[in-house]
Amino acid sequence: MKRIGLLSDTHSYWDDRYALHFKDCDEIWHAGDVGDMSIIRRLLEVAPTVRAVAGNIDHGEVRRKCPEMMDFEVEGVRVLMTHIGGYPGKYSTGIKQLLREKCKRLMISGHSHILRVKYDHELELLHINPGAAGVHGWQQVRTLVRFTLDHGAPRDLEVIELSKNYTRR
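Residues numbered from 1 in each chain as written. Predicted model: local features only at pLDDT ≥ 70, side-chain atom pairs only at ≥ 80, totals over all residues. Heavy atoms only, no water.

Per an unreviewed UniProt entry, the protein chain goes by the name Phosphoesterase and belongs to Muribaculum intestinale. Taken verbatim from the UniProt record of the protein chain, the Sequence similarities (unreviewed entry) comment is "Belongs to the metallophosphoesterase superfamily. YfcE family." Turning to the protein chain, the UniProt annotation filed under Cofactor (unreviewed entry) states: "a divalent metal cation". (UniProt positions renumbered as here; feature names shortened; annotations may be inferred.)

**Structural notes on helix α2 (residues 37-44)**
Residues lying three or four places apart along an α-helix face the same way, a consequence of the helix completing one turn every 3.6 residues. Listing the buried residues of α2 in full gives M37, I39, I40 and L43. Buried positions in α2, seen along its axis, are confined to an arc of 150° and lie on one side of it. The inward-facing, buried residues of α2 abut β1 (2-7), β2 (27-30), β3 (49-52) and α3 (60-65). (Buried < 20%, exposed > 50% of the residue type's maximum accessible area, 1.4 Å probe, protein only. Helix = DSSP H or I, 4+ residues; strand = E, 2+ residues; numbered from the N terminus. Arc of directions from axis to C-beta. Contact = heavy atoms within 4.5 Å.)

**Observations regarding the UniProt feature "domain: Calcineurin-like phosphoesterase" (unreviewed entry) in the protein chain**
Per the UniProt entry, the sites bearing "domain: Calcineurin-like phosphoesterase" (unreviewed entry) are residues 3-150 in this numbering. Counting secondary structure, residues 3-150 comes out at 19% helix and 36% strand; the distance between its end C-alpha atoms is 9 Å.

Quick look at the structure:
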């Protein structure tokens, strides 16, 4: 069993509450638009494993160290994570075929700044977009997601809402 903390679209913004909410997580996943590698380094102080993909605003060190797409397995769950992937019914070009070919059971994406958790009945997979954790963008509520992977299935999914108007300490 592994506890996963999931966030996206930090756009170089650090909020101390990321550490508070993810302190008991075994892994933290960042679904792109990291902004700066300092975000990844700080997340590594919170959890022993951080997986991150590059997003459309990422460049430099983030682009060199974070792939555009990750394909991995944790606790028997096959995962595809990318920044711009769409969602069930509106996948980005080529994503649906890739999900089908690789028999994925969990698809993680970011980019839209919109929290979305949706099951794809056709592909038999769960799609999660954690929304935006940073302050850049139009969203009024910033969101994080926590869940557990256990015996081949995601369980106990929690959405954490953060106000947009938070002052860093």
